[in-house]
Amino acid sequence: MTLSIKPIDPVSRPFFAGEVSGIDITRPLTKEEAAAIEAGMDQYGVLVFHDQHFTDETQMAFSRNFGELELATNNLRDTKEQRLGVHIADISNLDANNNVLARENRRRLFSLGTRLWHSDSSFKVVPAKFSLLSARIIPSAGGNTEFADMRAAWDTLDEETKAECEPLVCEHSQLYSRAQIGFGDFTDEERRAFAPVQQRLVRTHPSTGRKSLYLASHAGTIVGWPVPEARAFLRDLIEHATQRKFVYSHKWSQWDLVVWDNRATMHRSRPFNSAEVRDMHRTTVAGQRSTMAEAA
Ligand SMILES: [Fe+2]
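One structure accompanies this document, and this report is about it.

Re the overall build of the protein chain
Right, so step 1: The secondary structure content of the protein chain amounts to nine helices and 15 strands.
Right, so step 2: The C-alpha radius of gyration computed for the protein chain amounts to 18 Å, which stays within 12% of the reference 19 Å derived for 296 residues, consistent with globular compactness.
Right, so step 3: For the protein chain, long-range pairs separated by at least 24 residues make up 81% of all intrachain contacts whose partners lie at least 6 apart in sequence.
Right, so step 4: With an accessible surface of roughly 13,400 Å², the protein chain has 52% of that area assigned to carbon and sulfur atoms.

Things to note about the coordination of the iron ion
Right, so step 1: Protein-derived coordination of the iron ion comes from His118 (NE2), Asp120 (OD) and His267 (NE2), at a distance range of 2.1 to 2.2 Å.
Right, so step 2: Spacing between the donor residues of the iron ion along the chain follows H-x1-D-x146-H.

A short note on helix 1 (residues 31-44)
Right, so step 1: Across its 14 residues, helix 1 extends 20 Å between first and last C-alpha, which sits within 8% of the 20 Å expected from 1.5 Å per residue.
Right, so step 2: For helix 1, the complete set of buried residues consists of Glu33, Ala34, Ile37, Gly40, Met41, Asp42 and Tyr44.
Right, so step 3: Gly45 occupies a position one or two residues after helix 1 and carries a positive phi of about 80 degrees.

Points about the sheet that holds strand 3 (residues 46-49)
Note: strands within a sheet are paired through backbone hydrogen bonds, in either parallel or antiparallel orientation.
Right, so step 1: Within the open sheet, the seven strands sit side by side as 1-2-3-13-5-15-4. Their pairing is mixed. The open sheet has two free edges, formed respectively by strand 1 (4-9) and strand 4 (89-92), since each of these has just one partner strand. Put simply, the sheet's adjacent strands are angled 25 degrees from each other on average, direction ignored.

A closer look at helix 8 (residues 227-241)
Right, so step 1: Over its 15 residues, helix 8 runs 21 Å from end to end, which matches the ideal 21 Å to within 8%, given 1.5 Å per residue.
Right, so step 2: Along helix 8, the residues that are buried comprise Ala230, Phe233, Leu234, Leu237, Ile238, His240 and Ala241. Down the axis of helix 8, the sector holding all buried residues measures 155 degrees, keeping them to one side. Turned more than 90 degrees from where helix 8 packs its buried face, Pro228, Arg235, Asp236 and Glu239 sit exposed.

As for empty space enclosed by the protein
Right, so step 1: Following the criterion strictly, the structure yields one cavity of 30 Å³ or more and no others.
Right, so step 2: What the largest cavity holds in volume is close to 30 Å³.
Right, so step 3: Surrounding the largest cavity, Glu70, Leu71, Ala72, His87, Ile88, Ala89, Arg282 and Thr284 form its lining.
Right, so step 4: Across the lining of the largest cavity, the residue classes break down as four nonpolar, two polar and two charged.

Structural notes on the pairing of strand 15 (residues 279-286)
Working note: regular strand, side chains alternate between the two faces of the sheet.
Right, so step 1: Extensive coverage of strand 15 is indicated by the burial of seven of its eight residues.
Right, so step 2: In this structure, strand 4 lies alongside strand 15, joined through four bridges in antiparallel fashion. Directly across from Ile91, in strand 15, lies its bridge partner Met280.

Some words on unusual backbone geometry
Right, so step 1: Positive phi outside glycine occurs at Ala17, with the angle close to 70 degrees.
Right, so step 2: Within the secondary structure layout, Ala17 lies in strand 2 (residues 13-21).
Right, so step 3: For Trp255, which is not glycine, the phi torsion reads 75 degrees and is therefore positive.
Right, so step 4: In this structure, Trp255 sits in the loop between strand 12 (247-250) and strand 13 (257-261).

A short note on the pairing of strand 2
Right, so step 1: As paired strands, strand 1 and strand 2 are joined by five bridges and run antiparallel to one another. Across the sheet, residue Pro7 finds its bridge partner in strand 2, namely Gly18.
Right, so step 2: A loop of three residues connects strand 1 with strand 2, the two strands running antiparallel in sequence.
Right, so step 3: Pairing analysis gives three bridges linking strand 2 to strand 3, with the strands arranged parallel. Note that in strand 3 the partner of Glu19 across the bridge is Val48.
Right, so step 4: Assessed by its sense of winding, the connection that carries the chain from strand 2 through helix 1 to strand 3 is right-handed.

Procedures and definitions
- Residues numbered from 1 in each chain as written.
- Predicted model: local features only at pLDDT ≥ 70, side-chain atom pairs only at ≥ 80, totals over all residues.
- Heavy atoms only, no water.
- Helix = DSSP H or I, 4+ residues; strand = E, 2+ residues; numbered from the N terminus.
- Rg over C-alpha atoms; globule rule 2.2 N^0.38 Å.
- Contact = heavy atoms within 4.5 Å.
- Areas by Shrake-Rupley, 256 points an atom, 1.4 Å probe, with all protein chains shown as cover.
- Donors = N, O, S within 2.8 Å, 3.2 Å for Na, K, Ca; no water.
- Expected span 1.5 Å × (residues − 1).
- Buried < 20%, exposed > 50% of the residue type's maximum accessible area, 1.4 Å probe, protein only.
- Pairing = 2+ DSSP bridges.
- Axes fitted to C-alpha atoms, helices over the stretch in contact; angles between N-to-C directions.
- Arc of directions from axis to C-beta.
- 1 Å grid on protein atoms, 1.4 Å probe; cavity = no way out; pocket = protein on both sides within 12 Å on 5 of 7 lines; lining within 4 Å.
- Points joined across faces, edges and corners; volume = space filled by probe spheres on them.
- Nonpolar A, V, L, I, M, F, W, Y, C, P; charged D, E, K, R; others polar.
- Right-handed = clockwise from strand over helix to strand, strands pointing away.

Structure, rendered in structure tokens:
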């Protein structure tokens, strides 16, 4: 095995965002290779692999080294628009006929919520462990994905704020994140499906024991707090957590695969020319239990 993992920016961020070389992850892995990648994820939070020519099948097979896959059915309920299989989240600007979505398209406007900092599936009772995003077609410019190290965000809070955060429980929903960009075009069924779920604000990583802030634009309330006070508090925390020194901005090449640990990072997408095609396929490894159960 010649797999090697190095920090992408050894000067500014030696412990966050690694680049992996010396391995073809589109073919079946040995137990040792899978364990080395999982250990790299624990250390770096984000791993970048280049030149991995995945199909949906091989991407799912690679992803299953790290746990069960989430169903990609947490978006809008227009199943007739579904372009990909049930385990592949369609992170594209394409319709079922592979045409670029119109500017006013409801799915496109909803998907603009990914421009806000978030952690995938924090609006599910059992939120995601890893997300794995494969770049199939990329635009000529823009469309970076940015990642923030939520362990560093926690470590650098002052003791008073840490003590204030520690017991808090937030409520997460896609209704809250979309409200921030002025999107409210939901059916009654979607509003029911997107009912808020509770998540601890501070979580401890099950493998490393490191604490991190568990934040997302999906977090809209803090249990027991007045809403405006909660939102102002959460906004301050997100500002702290997303200072440039904690952020890695990934500029995509075709066939990159980027894997991130949603328990230790936040991420957001960056704009690109919406007339161009951007076709990314995401698999998502489910977490083991809710953050409420984790803390108990
Ligand atoms: Fe995301």
